[in-house]
Structures are given as C-alpha cells and as structure tokens.
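# Summary of the model geometry
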Amino acid sequence: MQSSGHRFRDVEHHPLLAENDNYDSSSSEADMAERVWFIRDGCGMVCAIMTWLLVVYADFVVTFVMLLPSKDFWYSVINGVLFNCLAVLALSSHLRTMLTDPGAVPKGNATKEYMDNLQLKPGEVIYKCPKCCSIKPERAHHCSICKRCIRKMDHHCPWVNNCVGEKNQRFFVLFTMYIALISAHALILCGFQFFSCVRGQWTECSDFSPPVTVILMIFLCLEGFLFLTFTAVMFGTQIHSICNDETEIERLKSEKPTWERRLRWEGMKSVFGGQPSLLWINPFA
C-alpha cells in the first residue's frame, strides 16, 4: 500500500521566506475545513475503485453462490449478516480514510505576517518546505502526490488514494483490520462450501453450474488469501508503529527521535481517542 516514488524524498530544511517572497497564502484553515478532502490522482482513484469492486465481488460470491442456496437457514443468516456487516465497516473505513484530511499543513503560510503571529522566542529556529511554501512542523513530511506537507505522515497508500497521517491513521487501521477479517471469513466459508459440494451433489450445493461455481470460488480464495496476507501484515505494522510512536517513514529512514515518545498505551489512545471502548472500532464515530 505504499508508494515507492516519493516516500523517501523528504525536503531539506531551508530558511524562512524572505519579506519580498511572493506566495499565495489566501487559503486558510477554515476554508480547508469546508472543502471535502479528495486527492485527484489517477492511479489512486483506480486502486480505490478496484478495492470496492473486489469487496463487492466477494460479497456476491459469499451471498449468492454459497449462502442463499444453503439448506441450513441459520447458517446462511448468521454468516450472511456477519459478512455483510464486516463489509460495510470495511468500506466505511475506506471512505473515511480516503476523504479525511490526513493532517495537511496549510499551503503558503510561511509569510512574515504569520511569523509575527507565532511570537517566536529569540534564536528559535523553524523551517519551511520549499515545495508547498509552508512552515514545516516537527515530524511532517512532504508528499509529492498530495502536494502537501502532512503531519506525522506514515506513507501514501494508493489503495485509499490518500496519505496516512495524524488525522486518518485510525480509519486506515480499521480498514486493514476489517478487510483482514472478511478475507478470513470468506476463506473459511469457501472451505466449508468445497467440503459440502464434494460430499454431496455439486448441482445441489449452488444455483450456478458446477464449473461456474468452482471458478467463482477459486477466484474468491485467491483474493481472500492475498488480501488477508497483505492487510494482516499492514495492520500489524501500523499497530507496532503506533505503540512505538514512530511512523513508517521515520522507521525506514532511521531518524533519531527529537520528540518525547509516548508510552505504548498512550500512543494507542492518541490515535484511537480516549479510553478503550467500542468507539475505537467504529468508523462512523
């Protein structure tokens, strides 16, 4: 899920803008909050659409190929409700990750007027990003796809068509978790379905013809295995980064922490918000 073309191209630290430097600083934080955050990247949009189509395909095979033709009513109802609830949670988490500002620093705010408002102490050094002409906070990195500096940027993920940063990391973690869960669920259901069809009659275990049923289930097994492996690894990596209070970029670049690292539990609470509760796993909260 990481873009390899930009993740290591962090900008160098440069002096602040001079008084005669002309940059457009008209967009404010309030204006940014009123607009929907969406990255217009062709590759990212294609990957995001593919993600939705693959989840819809899995839901179709599970519901119409395996569960509805089943003679066990409660088996179909329980697994159907569980799988579809997980799918809704996964797609909701995907939307929240994609449409949430990951922590973008306002563009062009490195002006003399803004410097005066900061009331800096004598000798205090701050830095600007020469690419988006903004004051670069500590632990912020510039994303060449989003064309912005992102606070606590972990990486840019084309599958969610957005950076994973300070404000949307929670939704990204939930997205990987729910995709891993529905992938595991789909694989288990495929195993039961194959066993049922082999033990009984192939013509009775599905409303589709045996060749079509086998092809659909094989593709679902391949999709489930790949998604489970990929998202489970990503989920574990994200939890490890949160507990260590270290982003993926900082880890790969072996940056020495200049900030005071949070304790593991404090790191989890800072990302998921407050004390542990069901709200932690609720993408609608």
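Residues numbered from 1 in each chain as written. Predicted model: local features only at pLDDT ≥ 70, side-chain atom pairs only at ≥ 80, totals over all residues. Heavy atoms only, no water.

## Thoughts on the packing of aromatic side chains
By the definition in use, this model includes 6 aromatic pairs. Ring plane angle 45 degrees and centroid distance 6.5 Å describe the contact between F172 and F175, whose orientation is recorded as tilted. Of this pair, F172 and F175 both sit in helix α5 (residues 169–199), 3 residues apart, roughly one helical turn. The same class applies to F172 as to F175, namely buried. With centroids separated by 5.3 Å and ring planes inclined at 25 degrees, the aromatic side chains of F272 and W280 adopt a geometry described as stacked. Joined through ring pairs, the aromatic side chains of F60, F64 and F208 make up one cluster. (Phe/Tyr/Trp six-rings, centres within 6.5 Å; stacked < 30°, edge-to-face > 60°. Helix = DSSP H or I, 4+ residues; strand = E, 2+ residues; numbered from the N terminus. Buried < 20%, exposed > 50% of the residue type's maximum accessible area, 1.4 Å probe, protein only.)

## Here we look at unusual backbone geometry
Glycine aside, residues mostly have negative phi angles, and peptide bonds mostly take the trans form. Its identity is not glycine, yet C133 carries a phi of approximately 55 degrees, on the positive side. Looking at where C133 falls in the secondary structure, it is placed in the loop between β1 (128–129) and β2 (134–135). The buried category is assigned to C133, whose relative accessible area is 8%. The residue K147 is not glycine, and still its phi comes out positive at about 60 degrees. Secondary-structure assignment places K147 in the loop between β3 (141–143) and β4 (148–150).

## Examining the side chain of D41
As for its placement among the helices and strands, D41 is situated in the loop between α1 (29–34) and α2 (42–67). Buried D41, no salt bridge; nearest opposite-charge side chain is K147, N-O distance 7.0 Å. At a separation of 2.8 Å, a polar atom in the side chain of D41 contacts the main-chain amide nitrogen of G44. Ignoring sequence-local partners within four residues, the contact set of D41 consists of I145 and N161. (Lys, Arg positive; Asp, Glu negative; His and termini not counted. Salt bridge = Lys/Arg side-chain N within 4 Å of Asp/Glu carboxyl O. Polar contact = N/O pair within 3.5 Å; in protein donor to acceptor, adjacent residues only side chain to side chain. Contact = heavy atoms within 4.5 Å.)

## Points about the packing of α2 against helix α6 (residues 210–243)
At their nearest, the axes of α2 and α6 sit 10 Å apart, and the two run at 135 degrees to each other. As judged from the angle between their axes, α2 and α6 are oblique. Of the two possible hands of crossing, α2 and α6 adopt the one that is left-handed. The segment α2 lies against α6, with L54, V55, Y57, A58, V61, V62, V65 and M66 engaging T213, I215, L216, M217, F219, L220, E223 and F227. Its residues placed into classes, the contact of α2 with α6 shows 14 nonpolar, 1 polar and 1 charged. (Axes fitted to C-alpha atoms, helices over the stretch in contact; angles between N-to-C directions. Parallel < 35°, antiparallel > 145°, perpendicular 65-115°, else oblique. Left-handed = near helix turned anticlockwise from the far one by under 90°. Nonpolar A, V, L, I, M, F, W, Y, C, P; charged D, E, K, R; others polar.)

## Notes on a nonpolar patch on the surface
Together, V36, F38, M45, L95 and L99 make up an exposed nonpolar region whose accessible area comes to about 400 Å². Inspection of the secondary structure assignment puts L99 in helix α3 (residues 73–99). Judged by relative accessible area, L99 falls into the partly exposed class, the value being 36%. (Patch = residues over 30% accessible without salt bridge, like charges linked within 9 Å, V, L, I, M, F, W, Y side chains within 5 Å. Areas by Shrake-Rupley, 256 points an atom, 1.4 Å probe, with all protein chains shown as cover.)

## A short note on the environment of N162
Relative to the helices and strands, N162 is located in strand β6 (residues 162–164). Considering only alpha carbons, one finds N162 and G44, 118 residues apart in sequence, at a separation of 7.6 Å. In contact with N162, other than residues within four places in its own chain, are W37, I39, T97, M98, T100, P102, C146, H156, C157 and N168. A distance of 3.0 Å separates the side chain of N162 from the side chain of W37, its partner in a polar contact.

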